[in-house]
Amino acid sequence: MWGLGVTAVMLTMEFLEVAMNTVNKAALGKGMSQFILVVYSNMIGVLLLLSSSFIFYRKRIAPPLTWFITGRIFVLGLLCFAGQVFTYIGLGYSSPTLASAMTDLTPAFTFILGLVSSSALYGCCLDMWRMERLDLRSKSSQAKSIGTMVLITGGLVLTLYKGLPITGSPSSGNKLQNELLLLPSSNWAIGGFFLAAHSFFLALIFIFQTWIIRDYPSEILITLISCIFVTILSATVSLIAEEDPNAWRIRPNIELVAIGYSAAFAVSLRSIVHTWACHKKGPVYTSMFKPIGMVIAVLMGVSFLGDTLYLGSMIGAVIIALGFYAVVWGKSQEERMVEDKEKCCLESSSPKVPLLQNKCTNI
């Protein structure tokens, strides 16, 4: 039940993120500063989250907040600030399609970070970093590992391989390739670097969200405190980086739409959902939805903009679907094994069933 709910919500988030990238690109193209966009969107996000937390905890007791948890959330705020700035800088130099394509790297970064940190920090920090169980002798771990690599491969095929046209009139190249041809090579390289850096920071954000939510189970308050830190950091940096006072003036056009959309979706809703998904399923499961964003971008272009559907897009979408299914299957098998083990150990605690105790010990 929870698995289907998390999947449906995460797919919805990817739809909304594709639209957000397009709106933000239009605002940045009008000359809006990426630093100002981060400041204003987070300021409005704080107000939205503050009112939501008052409503949510009106009849509930919030978990106690310690200085150690606050320090973790501060680090999360630093990562979120860097990720947002790098995203908007990358969008300014490139395009929404390239932004969707570069997020294909997020599952790889998350998977590698989980493996490296689990082995390197084994010991006192083990609980912090071991977000995913990985035992290559088990089928569930094999399915998750192979599925993650298949997801990334599918994203690259969908992005880079064109193939024959299936619907519409053929054009001289796919959307990403056409956009890159119109960009100066230096802009493409700078935009790609910042977008790749954003994917790395996003992987770190997923890991930190999982670490924090395990000890402080409140998605809304984690997002609110993190957003406050991002607002303070972005305002400080913007006051130094933006020398033109006119940059702080918001015109009632696409800039206002971008600020409102980013505040309501990226700062508030998406952050809460990602924290919730990391709590329920872990960082690797949450990150694997990123390659699906490229499929959504292609489908929306074909459905609403009349873009041509190419064979490469279909092949890439099928590969992504197979990798997605493999990770979901591996995660479900892993959760079933944990539930069976807990049930077995619970039953073995009774003195009336000593044989189960031996069986549980051998699991």
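Since the model is a prediction, treat every value here as computed from it, not as a measurement. (Residues numbered from 1 in each chain as written. Predicted model: local features only at pLDDT ≥ 70, side-chain atom pairs only at ≥ 80, totals over all residues. Heavy atoms only, no water.)

J.: Can you walk me through the overall build of the protein in this structure?
T.: From N to C terminus, the protein includes 15 helices and two strands. Per-residue burial for the protein yields a buried fraction of 49% across its 363 residues. Taking the contacts inside the protein whose residues are at least 6 apart along the sequence as the reference set, 86% of them involve residues at least 24 apart. Accessible surface for the protein amounts to roughly 18,200 Å². Of this, 69% is attributable to carbon and sulfur atoms. (Helix = DSSP H or I, 4+ residues; strand = E, 2+ residues; numbered from the N terminus. Buried < 20%, exposed > 50% of the residue type's maximum accessible area, 1.4 Å probe, protein only. Contact = heavy atoms within 4.5 Å. Areas by Shrake-Rupley, 256 points an atom, 1.4 Å probe, with all protein chains shown as cover.)

J.: Could you clarify how one ought to interpret the packing of aromatic side chains in this entry?
T.: The geometry of an aromatic ring pair is captured by the separation of the ring centres together with the interplanar angle, meaning the angle of the planes. In total, this model carries 12 aromatic pairs according to the counting rule given. Taking 4.9 Å as the distance between ring centres and 85° as the angle between the ring planes, the aromatic pair formed by F56 and Y57 counts as edge-to-face. According to the relative accessible area criterion, F56 is partly exposed, its value standing at 33%. Classification of Y57 by relative accessible area gives buried; the value is 16%. One aromatic cluster is present, built from ring pairs that chain together F86, F109, F193, F194, F200 and F201. One Lys or Arg, R60, reaches over the ring of F56 and ends 4.1 Å from the middle of that ring. The lysine or arginine in question, K281, covers the ring of Y285, its NZ or CZ lying 5.6 Å from the ring centre. (Phe/Tyr/Trp six-rings, centres within 6.5 Å; stacked < 30°, edge-to-face > 60°. Lys NZ or Arg CZ within 6 Å of the ring centre and 35° of its normal.)

J.: Would you take a moment to explain the pattern of salt bridges for this structure?
T.: A pair can form between side chains of opposite charge whenever their charged atoms are brought close. By the definition in use, this model includes five salt bridges. Its salt-bridge partner being E14, residue K290 comes within 3.3 Å of it at the nearest N-O pair. Residue K290 is located in helix α13 (residues 290-304), and its partner E14 is located in helix α1 (residues 2-29); the two are separated by 276 residues in the primary sequence. The two residues K290 and E14 agree in class, both being buried. Taking the shortest distance from any N to any O, the salt bridge between R251 and E255 comes out at 2.7 Å. Judged by relative accessible area, which is 39%, R251 ranks as partly exposed. On the basis of relative accessibility, which here comes to 2%, the residue E255 falls in the buried class. Salt bridges linked by common partners bring E14, E17, R270 and K290 together as one network. (Salt bridge = Lys/Arg side-chain N within 4 Å of Asp/Glu carboxyl O.)

J.: For this particular structure, what's the right way to read the nonpolar core?
T.: A general trend in soluble globular proteins is that nonpolar side chains are found buried together. Core analysis: the largest hydrophobic core is formed by 49 residues, its most contacted members being I73, L76 and I222. Breaking this core down by element, the ones donating at least two residues are α1, α2 (34-56), α3 (67-93), α4 (96-102), α9 (185-215), α10 (219-241) and α11 (254-281). Of the residues forming this core, the biggest block, 12 residues, is contributed by α9. Sequence-distant contacts of I73, that is, excluding residues within four places in its chain, are made with L65, I212, I222, I225, S226 and F229. In terms of nonpolar packing, the next biggest core, distinct from the first, is built from 25 residues, M13, L151, V273 and V295 among them. (Core = buried A, V, L, I, M, F, W, Y, C linked by side-chain atoms within 4.5 Å.)

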